[in-house]
Amino acid sequence: MQIEVLSTGAFRSALVQLAPGEKFVSESGAMYRASSNIDIDVTMRTRGKGGLLRAAKRLLGGESLFFSTYCANGNSPGEVGLAPTLPGEVREITLDGGGDWITAGGSYLGSGIDVEIDTQFQGLKGFFTGESIFFMVARGRGPLLVGAFGRMEEIVIDGTLTVDTSHLVAYEASLSYRVGKSSSSWTQSFLSGEGLAIHFEGRGRVLVQSHAANEFGRALGPLLPERSS
């Protein structure tokens, strides 16, 4: 299997090249092209048990209800083109079985067939992030594709780091976090427009995005024409 991230601009996508019989999984609706020998199977889960329950939790986490599994049939290789819904960067993370990666809602794009995708309840922290109350957990071995709205940046943490809740893409499970105010006081946090932030602690990597979908939606909404009844 080979994965190529296409383009260097704002509208990145991924081209997954599969050997005969090889499989790859993506969020349903992410494919924009495929070779003629690619078979597509739509399911509620990637690996493991609890398909219906996992699917319901993914909906709460801002993800699709279904996964699409692509397989190159016959004796010829095949390819699948995948792209996130919002314009921005796409990145491949290689899982080696030594640690999980956790993605924020809407950031998961695709993964190898041996990567298990599950959901993680954030508890009460999730109600205060301003995002979803579930994160997606990727574990196992193989490639993991994530997408960002705008530019994606990788930050290596050895100590602490504060990230705005709307700008989180993914992080290594070796990190712990708490949700709190972004400024020195609650008043300053909300007056500055930042509100709540995620405060990471430990050692590991975090992927952040330069733009926030919710802020973009609030800015775009008033500019759209009214719907006719």
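A few words on a nonpolar patch on the surface. Side chains of M31, I40, V42 and F66 sit close together on the surface and give an oily, nonpolar patch of about 320 Å² of accessible area. For V42, a relative accessible area of 48% translates into the label partly exposed.

Once that is clear, we can look at the packing of aromatic side chains. Overall, the coordinates contain seven aromatic pairs when judged by the stated rule. Considering the side-chain rings of F135 and Y177, the 6.3 Å spacing of their centres and the 40 degrees angle between planes classify their relative orientation as tilted. With F135 in strand β12 (residues 134–147) and Y177 in strand β15 (residues 176–181), this residue pair connects regions lying 42 residues apart in the sequence. Arranged with centres 5.4 Å apart and planes meeting at 75 degrees, the rings of F149 and F216 form a pair that is edge-to-face. Residue F149 is found in the loop between β12 and β13 (152–164), and its partner F216 is found in helix α4 (residues 213–220); the two are separated by 67 residues along the sequence. Accessibility expressed as a relative area gives 43% for F216, which makes it partly exposed. Three or more aromatic residues joined by ring pairs form one cluster here, namely F135, Y171, Y177 and F200.

Moving on: the sheet that holds strand β7 (residues 78–82). Overall, antiparallel pairing links the four strands, which are arranged β1-β2-β7-β4 in an open sheet. Pairing within the sheet leaves two strands with one partner each, and these edge strands are β1 (2–6) and β4 (31–34). On average, adjacent strands in this sheet sit at an angle of 20 degrees to one another, irrespective of strand direction. Pairing of strand β2 (residues 13–18) with β7, which is carried by five bridges, proceeds in the antiparallel orientation. Residue pairing across strands places L18 opposite G78, the latter belonging to β7.

Among the nonpolar cores identified, the biggest contains 17 residues, and I93, L95, W101, I117, L144, V146 and L207 are the most heavily contacted of them. Among the secondary structure elements, those contributing two or more residues to this core are β8 (90–96), β11 (115–121), β12 and β14 (168–172). Examining the composition of this core, we find that four residues originate from one element, β12, more than from any other. In contact with L144, not counting residues within four places along its chain, are R91, E92, I93, L95, W101, T103, Y108, G110, S111 and A138.

The rules we used
Residues numbered from 1 in each chain as written. Predicted model: local features only at pLDDT ≥ 70, side-chain atom pairs only at ≥ 80, totals over all residues. Heavy atoms only, no water. Patch = residues over 30% accessible without salt bridge, like charges linked within 9 Å, V, L, I, M, F, W, Y side chains within 5 Å. Areas by Shrake-Rupley, 256 points an atom, 1.4 Å probe, with all protein chains shown as cover. Salt bridge = Lys/Arg side-chain N within 4 Å of Asp/Glu carboxyl O. Buried < 20%, exposed > 50% of the residue type's maximum accessible area, 1.4 Å probe, protein only. Phe/Tyr/Trp six-rings, centres within 6.5 Å; stacked < 30°, edge-to-face > 60°. Helix = DSSP H or I, 4+ residues; strand = E, 2+ residues; numbered from the N terminus. Pairing = 2+ DSSP bridges. Axes fitted to C-alpha atoms, helices over the stretch in contact; angles between N-to-C directions. Core = buried A, V, L, I, M, F, W, Y, C linked by side-chain atoms within 4.5 Å. Contact = heavy atoms within 4.5 Å.

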